[in-house]
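# Structure assessment
Take a look at the letters that make up each chain.
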Amino acid sequence: MYYNNKRLALSIFWVVLGALLIGLSIAEILDSSVYSGMGGALVAVGFIRLIQIIRYRKDENYREKIDVQVKDERNKFLHLQSWAWTGYIIVLVEGIGAVVALVLGQETVQMVLAYSVCAIILVYWITYMILSRKY
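Quick summary incoming for the structure in this document. (Residues numbered from 1 in each chain as written. Predicted model: local features only at pLDDT ≥ 70, side-chain atom pairs only at ≥ 80, totals over all residues. Heavy atoms only, no water.)

Let us look at the overall build of the chain. Across its full length, the chain holds five helices and zero strands. In the chain, the succession of α and β elements from N to C terminus is α-α-α-α-α. In terms of C-alpha radius of gyration, the chain reaches 21 Å, well past the compact-globule figure of 14 Å for 135 residues. Its C-alpha atoms put the chain at 55 × 50 × 25 Å along the principal axes. Counting all 135 residues of the chain, 16% fall into the buried class. Summing over all exposed atoms, the chain offers an accessible surface of approximately 10600 Å²; the carbon and sulfur share of this is 69%. (Helix = DSSP H or I, 4+ residues; strand = E, 2+ residues; numbered from the N terminus. Rg over C-alpha atoms; globule rule 2.2 N^0.38 Å. Buried < 20%, exposed > 50% of the residue type's maximum accessible area, 1.4 Å probe, protein only. Areas by Shrake-Rupley, 256 points an atom, 1.4 Å probe, with all protein chains shown as cover.)

A few words on the pattern of salt bridges. Once their charged atoms are close, side chains differing in charge can pair, the charge on each being opposite to the other. Under the criterion given, the structure shown has two salt bridges. Note that D59 and R55 form a salt bridge whose closest N and O atoms lie 4.0 Å from each other. Residue classification places D59 among the partly exposed positions, given a relative accessible area of 28%. Among the salt bridges present, the one from R63 reaches E60, with a minimum N-O distance of 2.6 Å. Placement of the pair is R63 and E60 together in helix α3 (residues 60–71), with a separation of three residues, close to one helical turn. R63 sits in the partly exposed class, given a relative accessible area of 23%. Given a relative accessible area of 48%, E60 falls into the partly exposed group. (Salt bridge = Lys/Arg side-chain N within 4 Å of Asp/Glu carboxyl O.)

Its 22 residues place the ends of helix α1 (residues 5–26) 31 Å apart at the C-alpha level, agreeing with the 32 Å of an ideal helix rising 1.5 Å per residue. Within the span of α1, buried status applies to S11, V15, G18, L21 and S25. For α1, the buried positions fall inside an angular range of 130° around the axis, keeping them on one side. Exposed residues pointing more than 90 degrees away from the buried face of α1 are listed as N5, K6 and V16. Along its buried surface, α1 packs onto α2 (33–58). The backbone nitrogen of K6 lies 3.3 Å from a side-chain oxygen of the residue at the head of α1, namely N4. E28 sits one or two residues past α1 and shows a positive phi near 60°. (Expected span 1.5 Å × (residues − 1). Arc of directions from axis to C-beta. Contact = heavy atoms within 4.5 Å. Polar contact = N/O pair within 3.5 Å; in protein donor to acceptor, adjacent residues only side chain to side chain.)

Let us look at unusual backbone geometry. Phi angles above zero are rare outside glycine, and E28 is one such case at about 60°. Tracing the chain through its elements places E28 in the loop between α1 and α2.

Put into structure tokens, the structure is as follows:
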């Protein structure tokens, strides 16, 4: 079962946490509007997930559709390929951005982008080494 009780509890937790953040922002205990916005987003996500869980438990056709999506090998392959392409694109865009920032004299931006590219490549190398030993 894809939508189990742990997912239900987590969705309820997000709603409660979001409501708490909104409440603390309204009471001016948290003085940044970022917290109320984050709380609203958590409440929205929690409610959407709750609706999905209830629909999954009550609607047989929806349950079958979700189970196929979760277990389908083609979908797993597509997810892995999407992450791989995303990694390539992010590294290239950040690398180009670092060069452009350097040319424009934006040293801080250039350093952040360059360090980000280095961090991504470092994580890639570490995971490659781990996976090459495992498989």
